[in-house]
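Coordinate inspection notes
The chain contents come next:
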Amino acid sequence: MKTVYIVGGGSSFTHMFQENGWEVVSNRDDAEYWQFTGGEDVSPILYGQGNVDSGNNPRRDTTEVAFFREGLKKNKKLLGVCRGSQFLTVMSGHSLWQDVDNHAIGGTHKATMLSDNSEWDVTSTHHQMMHLDGAPPYELLMTAARTSYKYDAYGTKKQEEGDKNRDVESVFFPITKALAFQPHPEFTPKGSSCQKAYFTLINNCF
């Protein structure tokens, strides 16, 4: 049985993992996986930008940076959902788009699994997005094609229509052993497309 520690807690994550046959543990040293959850924006100071469109929580950033460093030291497998995915991306040496359009829709949209070009319905509740502008290695796992612009501290990047890879939905960072998954599988029922995508990527990456 796989074991997971939920950083900061969260009943919806506990329910999701238990329904899928995982054990949720209260002692993080007993867990094989550590799950970083959603919430406030990651502070741009962590990726070297001025704040133009981030509502962040510096205290949470500080706490989770310490968890991340501890997880690396203890060779844990790190999972991130929504804010957690963005946080792991930043801590793996990349940045974020501070504002994007067509994603905070309160519903689902199509995303493409690049391993087999299959389409999955995933949730979309975010206005920021992972920006893979740091050093490799990383493996782009899932993408979407929704944005017409992405905005960082340095200006707006317009998107090319028809570029199916323009929105990063999931990426794996092998050096930090971090799987970043932008959607919210814990908001969806067991057996949903979004949950299946998340657990498929966990199994494929680890």
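None of the values given here were measured: they were computed from a predicted structure. (Residues numbered from 1 in each chain as written. Predicted model: local features only at pLDDT ≥ 70, side-chain atom pairs only at ≥ 80, totals over all residues. Heavy atoms only, no water.)

What follows concerns the sheet that holds strand β3 (residues 33–36). With mixed pairing, the nine strands of this open sheet are ordered in space as β2-β1-β3-β4-β14-β13-β10-β7-β8. Two strands close off the open sheet at either side, each with one partner strand: β2 (23–24) and β8 (118–124). (Pairing = 2+ DSSP bridges. Helix = DSSP H or I, 4+ residues; strand = E, 2+ residues; numbered from the N terminus.)

With that out of the way, let us pick up helix α4 (residues 193–205). Across its 13 residues, α4 extends 18 Å between first and last C-alpha, which sits within 8% of the 18 Å expected from 1.5 Å per residue. For α4, every residue scored as buried is listed here: Cys-194, Gln-195, Ala-197, Tyr-198, Phe-199, Leu-201, Ile-202 and Cys-205. (Expected span 1.5 Å × (residues − 1). Buried < 20%, exposed > 50% of the residue type's maximum accessible area, 1.4 Å probe, protein only.)

Turning next to the sheet that holds strand β12 (residues 155–158). Sheet architecture is open: three strands sit in the order β6-β11-β12, paired in antiparallel fashion. At either end of the open sheet lies a strand with only one pairing partner, and these are β6 (99–100) and β12. Note that strand β11 (residues 149–152) and β12 share four bridges and pair antiparallel. The partner of Tyr-151 across the bridge, within β12, is Thr-156.

Closest axis-to-axis distance for the helix α2 (residues 58–73)/helix α3 (residues 83–91) pair is 11 Å, and the angle between their directions is 65 degrees. Considering the relative orientation of α2 and α3, their crossing is right-handed. Judged by residue contacts, Arg-60, Asp-61, Glu-64, Val-65 and Phe-68 of α2 engage Arg-83, Phe-87, Leu-88 and Met-91 from α3. Among the residues making up the contact of α2 with α3, the classes are represented as five nonpolar, no polar and four charged. (Axes fitted to C-alpha atoms, helices over the stretch in contact; angles between N-to-C directions. Left-handed = near helix turned anticlockwise from the far one by under 90°. Contact = heavy atoms within 4.5 Å. Nonpolar A, V, L, I, M, F, W, Y, C, P; charged D, E, K, R; others polar.)

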